[in-house]
Amino acid sequence: MEYPLVWVLILVLLNFTTDVSGQVVVPSMNPLAVGSNVTLDLIPQSPINIGTWSYETTNIVLFYPGGSIVSKSYQGRVSFNRSSSELSISSLQLNDSGRYTVQGMEPVLKAVVTLSVQEPISNVTLSANATDLVELNDTAMFTCSISSGTSLSYRWLNGSSEVTASDRVRLGGGNSTLTIVSVTRHDEGPFRCEVINGISNGTSQPIGLNVRYGPSNLTMMVVPEMTIGHTAYKTGSDITLSCSAQSKPAESYKWRFNGMFLNEQSPQLSLQNTRENQTGSYACLAYNNVTLRYATMSTMIKVVEPISAVSLNRDGKPPILDQLFTLRCEVTGPVDYIHWLMNGQLISLNNRTFFSTGNKTMVINPIQFSDHGEYLCEAFNAVSNLTSMTYKLVVNFGPERPAITSPDIAMTGHSVTFNCSASSQPPSQFSWIFNDSQMAAGSVYETGALILASNGEYTCVAFNNVTGRNSTVSKMLIVVEPVTMAMVKAMGSQPILNQTFSLTCETTGTIYSIHWMRNGWPLYADNRTDFSMNNNTLTINSVQHSDNGDYKCFASNPLSNMTSRNYRLIVNYGPERPVIMSPDIAMTGYSVTFNCSASSQPLSQFSWFFNGSQVVTGSVYETGPLTLASQGEYTCVAFNNVTVRNSTVSKMLTVIAPVTMTMVKVIGAQPILNERFSLTCVTAGTVYSIQWMRNGLPLYADNRTDFSMNNNTLTFNLLQHSDNGDYQCSASNPLSNMTSPEYRLIVNYGPERPVIMSPDIAMTGYSVTFNCSASSQPLSQFSWFFNGSQVVTGSVYETGPLTLASQGEYTCVAFNNVTVRNSTVSKMLTVIAPVTMTMVKVIGAQPILNERFSLTCVTAGTVYSIQWMRNGLPLYADNRTDFSMNNNTLTFNLLQHSDNGDYQCSASNPLSNMTSPEYRLIVNYGPEMPVIKGPALGETGHNLTLNCLASSQPFSQFSWFFNGSHVATGSVYETGPLTLASQGEYTCVAFNNITGRNSTASKMLTVIEAIKSVMVKRNKIPISSDNLTLTCDVTGRYDTIYWMKDNLSLVLNNTLNSDITISNNSLHFSPVKVSNDGNYQCVATNLFGPHTSPKYQLRVNYGPLSVNISGPVSVVVGSIITVTLKCSADSRPTSDYGWIFNNQSVLGTGPLMAVIASLENAGDYTCVAKNPVTNISMSKTISLDVTGHSPAPPFLSRVGLMLTALLALSLCL
């Protein structure tokens, strides 16, 4: 149609509008079904004066003030609401899908929406190429189709699980086809397809697969199981072998024994009453007649006769020391090995013990005592063991070391028994010889009564009748007479002190020795005591008192002895050391008794003399009442009438009168300290001595105290306080005494040692009290002075509130008005301010291990002392820690880790103190003991990480060097991809920027060439019955290669893999079979472990086999329009199909052939299946019989047949 000019202008202007309004078009529904209606609303609603609705590039409606124009193609299907600008379209068709645009010029706007018009889905159908499949051999292909529907999406389900694409599962045709390659038993389904579009969905009926598989997981059980320690079954055992496998359909079984098939086709093989000839390999073969697969498993069954008897016997002569000896173990029944035991312990081969003839003979050469014991041999075979009876081996030897047991000496008249013994097995036989004459046989020989002629040599001969050896031993016998008498007698004069005296021992009988005794103890020769040659005479050269005693002699021979009776020796002497016992002094009117005694043997006789005149005889003399004339010398004379000696002693006797009076008196002035003072003792009577006492204790002269010549005057040269006390004098003679009454002495003194009691130090603002005292007799009077000026009197002085000016000297003056002396004492008062601040600060460098480090204590206020603490405990100087003179500085000479801690200083004076805040000391050190962590082995192409660690405070900084060259910084060094040049020494240098120290650690890295890739390659396309080689292509150095199939190591020594060989790095199939299908991998190993190739899926191509044509073989014209034939063949890959009619005409390709049911189309239809890989062809022919009347001429029928072929071809595509 032709548009008005206004239409054209509007369209031109609208082409220059842009979407600036922010409005959108909202359809009433989207997507939409074919035939439905839709309304397109402009949101928010807005009337447009001038604008258009368009579909893609086609205008639908143009509107302007006063009217609108609808395109011809949309007339009758659209309506436009001018007030809301909405557009309604009815009877939608598929071609209405697309982009709808509303544009306005007044107001200016543009909005777009895309509609999708879809046809509903109907009749979802699922088909499969086959449902009876063989596991891993067959491929399942599903096709999902519909009768109607557009904009389709497909979803596949296996049971309730969604199926997604993988290496075996492929989706094609826009996901409408599902192909499962190499189906497994887990792919049985049921499978469904679900088809969806925006307006509808549909799900097919399920199809299940019947997947045949196995046999797999073949297991074999042998009952009974082998007993522990045995490797075979005893003859006569009943053994059952059972096989089981997983298979569908159920598997069949065959059994082989040593490679030969047995007449047993059940899963169980029973062996009854087994014999040794049934030993061998038993194999179970499981076979699936659908999958045409089999599995085999074998086991060894060994049947052995048990050992029935074992005996142990000597072979040859008996065991004789140092000679060869043989034992033989005789076994009845088959034997695998023999053990020998001695005393229950296994015997092993050594330099004296040998085994021969399969361990049946044991030879000991030479035999020793250590071989003595109980021997067993134990025989073993696979089903039994048996031990012999014990053979007790006793080593025959000797006779050795013969010995005679008997006395060496005997007395006449007695008999002697000789016992002979020898070390011997068996025991020896004995003979006795005396002085070359045989005397008796047997181990014991007893003499008759001995005479002196019985003295001589007795010989014993020992003989062993098994070893054939003898041995001899001899012994001397001495015969003696008994001792019958012993007596001690004196020789010469009586024993006198300091003179020579002798005793003799008279004896009878055979005497071997004489011994002397005194008081029961043996006597030995010394410088005063001699013995004669035969000991029978004892001579004392100078007899002493110590020689007194009872003497005996002892005479003896080896068999008898006799001791004499006691001879009592008493030494005569004296008189010696005479003594007078009497008083030396006596008082007039009394009598005195004198007693005289002297040491003497025998006792002395006595005479008394007074002043030279004899007065009496006898040892006692008693005077009458004494007078002063009785004083003089009294003498005693002692006389011994045996020694004809005398001795004299004298004694003086003094006669005196008694003491009757004593009194203490003062001489001169009063007693004053440090001045002279005297006391005198007035007495009456004879006075021998005067003794002074103070407080009841004796007084003695010293450097201050003097006594007069007769001790009656006591003088103190410098009187002291210690002289205070009660004084007495005591006058005495030897027979009487008298003590005076007490005189009390009090020393006047002082004042002395004045003392001020007050604090030495005080703080400002406080008052202080001074107390003054002095030692004084009588008490002192006191005055006070401050800095030389008197301030107060009295013993106590109290200051007002102190200021710093109050600091100074305070003096106390004490005065005694008796001694007229005074004494002064002064005291300094220190006035201080309190401690107000303490702080610990570092002096000099930071704290570094093993270096000098100092802390100072900064204070404010008057500080008397500073105390340092660590972790709250006091610090003291030691061999590493010093304090300054005033303690304000703490110095560590060699700082150690143990010095870490919180430090404080406490400053104090006597009246206040303050402790500083904590200063935390952390000792900087290191780096120490650097360690490199990381592998020592690397592969080329791979990165490697090395970590460096070091003990350090603060943390270290790290640098890395490779073969001496700097490569990186930081504790972690990550190499790039390694090369062989990366091998070498990696050095880590740790540096502490506080201590200024560094430390080094090195590690050797060995780099080996990496295996970069491992790939399985084939030499050609695998075709069944052809030879095939798979090669393991490895890039890089490797040590070994092995092959895997289906994730398991490939084992070549079984029946399934009998046609596979390995040479170098290749796997040869001679030939390859469908049973060789699987995922193959090769594994190359080096020091780093295995490197596995990607899976190579071997799928052996074969066929076609067993071509089949399905379809009707007879039809009636008019009953159906077309006849469809389907050709199939077992082939991998799927065969290409061609059709021939009556062996002449080529109808087409593809598995389906559709022909018009007419008489002209009756005949032979041949399907030719060809495998495009194996190039093998196979055909199948069927005859189609058509009956009835043909409605079309032959030419037209032939054209129809060709059209039908084209139709079938299109269906295949």
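Structure: above.
Only a predicted model underlies this, so the values are computations on that prediction, with no experimental measurement involved.

A. Up close: the overall build of the protein chain. When its secondary structure is counted, the protein chain shows two helices and 114 strands. Here the protein chain has a C-alpha radius of gyration of 72 Å; the compact-globule value for 1213 residues is 33 Å, and the former is much larger. Dimensions of the protein chain, computed from the C-alpha atoms along their principal axes, are close to 215 × 135 × 55 Å. The 1213 residues of the protein chain split such that 41% are buried. For the protein chain, long-range pairs separated by at least 24 residues make up 60% of all intrachain contacts whose partners lie at least 6 apart in sequence.

B. Examining the pattern of salt bridges more closely. Taken as a whole and assessed by the stated rule, the structure comprises 29 salt bridges. Its salt-bridge partner being Glu-162, residue Arg-155 comes within 3.5 Å of it at the nearest N-O pair. Judged by relative accessible area, Arg-155 falls into the partly exposed class, the value being 29%. When the shortest N-O distance is used, the salt bridge between Asp-760 and Lys-827 registers 3.1 Å. With Asp-760 in the loop between strand S73 (749-757) and strand S74 (761-763) and Lys-827 in strand S80 (residues 821-832), this pair connects stretches of sequence that are 67 residues apart.

C. Expanded view of the environment of Tyr-864. Take Tyr-864: it is sitting in the loop between strand S82 (853-860) and strand S83 (865-870). Note: C-alpha distance between Tyr-864 and Arg-1018 (154 residues apart in sequence) is 100 Å. Aside from chain neighbours lying at most four places away, what touches Tyr-864 is Ile-761, Thr-830, Ile-832, Ser-908, Asn-909 and Pro-910.

D. Representation of the side chain of Ser-604 within the structure. Within the secondary structure layout, Ser-604 lies in the loop between strand S58 (593-601) and strand S59 (605-610). Polar contacts involving the side chain of Ser-604 include one to the side chain of Ser-600, which spans 3.2 Å.

E. Examining the state of the cysteines more closely. Tallied over the entire structure, the rule returns twelve disulfides. A sulfur-sulfur separation of 2.0 Å characterises the disulfide bridge that pairs Cys-329 with Cys-377. Its S-S torsion of about 75° marks the bond between Cys-329 and Cys-377 as right-handed, since a negative value means left-handed. Of the two residues, Cys-329 is situated in strand S31 (residues 325-332) and Cys-377 in strand S36 (residues 373-380); the sequence distance between them amounts to 48 residues. Judged on exposure class, the residue Cys-329 and its partner Cys-377 are both buried.

F. Up close: the environment of Pro-930. Counting through the fold element by element, Pro-930 comes out in strand S90 (residues 925-933). Apart from residues no more than four positions distant in its own chain, Pro-930 is found in contact with Leu-949, Ala-950, Ser-999, Thr-1000 and Ala-1001.

G. Representation of unusual backbone geometry within the structure. Omega for the bond connecting Gln-425 with Pro-426 falls within 30 degrees of zero, at 0°, which places this linkage in the cis form. The backbone of Asn-217 sits at a positive phi, close to 50°, despite the residue not being glycine. Examined against the element boundaries, Asn-217 turns out to sit in strand S21 (residues 210-223). Its identity as a non-glycine residue notwithstanding, Asn-1175 has a phi of 60°, on the positive side. Examined against the element boundaries, Asn-1175 turns out to sit in the loop between strand S113 (1163-1170) and strand S114 (1177-1187).

H. Fine view of empty space enclosed by the protein. Going through the model one piece at a time under the given rule, you end up with one cavity of 30 Å³ or more. In this structure, the largest cavity encloses a volume near 30 Å³. Tallying contributions element by element places strand S97 (residues 997-1008) first for the lining of the largest cavity, with three residues.

I. Local environment of the packing of aromatic side chains. Within the structure shown, the criterion is met by 36 aromatic pairs. Here Phe-257 and Tyr-282 contribute two aromatic rings whose centre-to-centre distance is 4.7 Å and whose plane-to-plane angle is 35°, an arrangement assigned as tilted. Residue Phe-257 is located in strand S24 (residues 252-257), and its partner Tyr-282 is located in strand S27 (residues 280-288); the two are separated by 25 residues in the primary sequence. One exposure class covers both Phe-257 and Tyr-282, and it is buried. When the ring of Phe-770 is compared with that of Trp-784, the centres are 6.0 Å apart and the planes differ by 50°; the resulting orientation is tilted. Of the two residues, Phe-770 sits in strand S75 (residues 769-777) while Trp-784 sits in strand S76 (residues 781-786), which places them 14 residues apart along the sequence. Each member of the pair, Phe-770 as well as Trp-784, is classed as buried. Clustering of aromatic rings is evident, with ring pairs tying together Phe-418, Trp-432, Phe-434, Tyr-445 and Tyr-458. Directly above the aromatic system of Phe-261 lies the positively charged group of Lys-254, at a separation of 5.6 Å from the ring centroid.

J. Representation of the sheet that holds strand S45 (residues 456-464) in the model. As summarised here, the arrangement of the five strands in space is S40-S46-S45-S42-S43, forming an open sheet in which the pairing is mixed. The sheet terminates laterally at strand S40 (409-411) and strand S43 (437-441), the two strands that pair on one side only. In this sheet, neighbouring strand axes are inclined to one another by 30° on average, regardless of whether the strands run parallel or antiparallel. The pairing of S40 with strand S46 (residues 469-480) spans three bridges and is parallel. Of the residues in S46, the one forming a bridge with Met-411 is Val-480.

K. Layout of the nonpolar core. Among the nonpolar cores identified, the biggest contains 23 residues, and Val-25, Leu-40, Trp-53, Ile-60, Leu-87, Tyr-100 and Val-102 are the most heavily contacted of them. Broken down by secondary-structure element, the contributors of at least two residues to this core are strand S3 (38-43), strand S4 (50-55), strand S5 (58-64), strand S8 (86-89), strand S9 (98-106) and strand S10 (108-115). Broken down by element, the residue count for this core peaks at four residues, all from S10. Residues Cys-329, Trp-340, Ile-367 and Tyr-375 belong to the second largest nonpolar core, which totals 22 residues.

L. Spotlight on the side chain of Thr-529. On the secondary structure map, Thr-529 appears in strand S51 (residues 529-531). In this view, Thr-529 contacts Tyr-524, Leu-538 and Thr-539; residues no more than four positions away in its chain are not counted.

M. A nonpolar patch on the surface, seen in detail. Taken together, Val-24, Val-26 and Ile-43 make up a surface patch of nonpolar side chains, about 220 Å² in accessible area. Structurally, Ile-43 can be placed in strand S3.

N. Summary view of the layout of surface pockets. The computed volume of the second largest pocket comes to approximately 1,300 Å³. As for the second largest pocket, its lining consists of 39 residues, and the residues nearest its centre are Asn-129, Ala-130, Thr-139, Met-141 and Thr-1134.

O. Representation of the sheet that holds strand S107 (residues 1102-1110) in the model. Across the sheet, three strands lie side by side as S107-S109-S112; this open sheet has antiparallel pairing. Single-partner strands in this sheet number two, and they are S107 and strand S112 (1152-1156). Neighbouring strand axes in the sheet, compared pairwise and without regard to direction, differ in orientation by 20° on average. When S107 meets strand S109 (residues 1122-1132), the two strands line up antiparallel, connected through five bridges.

P. Examining the pairing of strand S77 (residues 789-793) more closely. Across four bridges, the pairing between S76 and S77 is antiparallel. Bridging across to S77, Ser-783 finds its partner in Thr-793. Hairpin remark: S76 followed by S77, antiparallel, with two residues in the connecting loop; positive phi at Asn-787, about 50°.

Q. Structural detail: the pairing of strand S49 (residues 513-518). Two strands pair when backbone bridges link them, and S49 and strand S53 (residues 549-557) are joined in this way by six bridges, in the antiparallel orientation. Looking at the pairing, Trp-516 lines up with Cys-553 of S53. Relative to strand S50 (residues 521-522), S49 runs antiparallel, the two sharing two bridges. In the strand pairing of S50, Arg-518 is matched with Trp-521.

Reading the values: the criteria
- Residues numbered from 1 in each chain as written.
- Predicted model: local features only at pLDDT ≥ 70, side-chain atom pairs only at ≥ 80, totals over all residues.
- Heavy atoms only, no water.
- Helix = DSSP H or I, 4+ residues; strand = E, 2+ residues; numbered from the N terminus.
- Rg over C-alpha atoms; globule rule 2.2 N^0.38 Å.
- Buried < 20%, exposed > 50% of the residue type's maximum accessible area, 1.4 Å probe, protein only.
- Contact = heavy atoms within 4.5 Å.
- Salt bridge = Lys/Arg side-chain N within 4 Å of Asp/Glu carboxyl O.
- Polar contact = N/O pair within 3.5 Å; in protein donor to acceptor, adjacent residues only side chain to side chain.
- Disulfide = S-S within 2.5 Å.
- 1 Å grid on protein atoms, 1.4 Å probe; cavity = no way out; pocket = protein on both sides within 12 Å on 5 of 7 lines; lining within 4 Å.
- Points joined across faces, edges and corners; volume = space filled by probe spheres on them.
- Phe/Tyr/Trp six-rings, centres within 6.5 Å; stacked < 30°, edge-to-face > 60°.
- Lys NZ or Arg CZ within 6 Å of the ring centre and 35° of its normal.
- Pairing = 2+ DSSP bridges.
- Axes fitted to C-alpha atoms, helices over the stretch in contact; angles between N-to-C directions.
- Core = buried A, V, L, I, M, F, W, Y, C linked by side-chain atoms within 4.5 Å.
- Patch = residues over 30% accessible without salt bridge, like charges linked within 9 Å, V, L, I, M, F, W, Y side chains within 5 Å.
- Areas by Shrake-Rupley, 256 points an atom, 1.4 Å probe, with all protein chains shown as cover.

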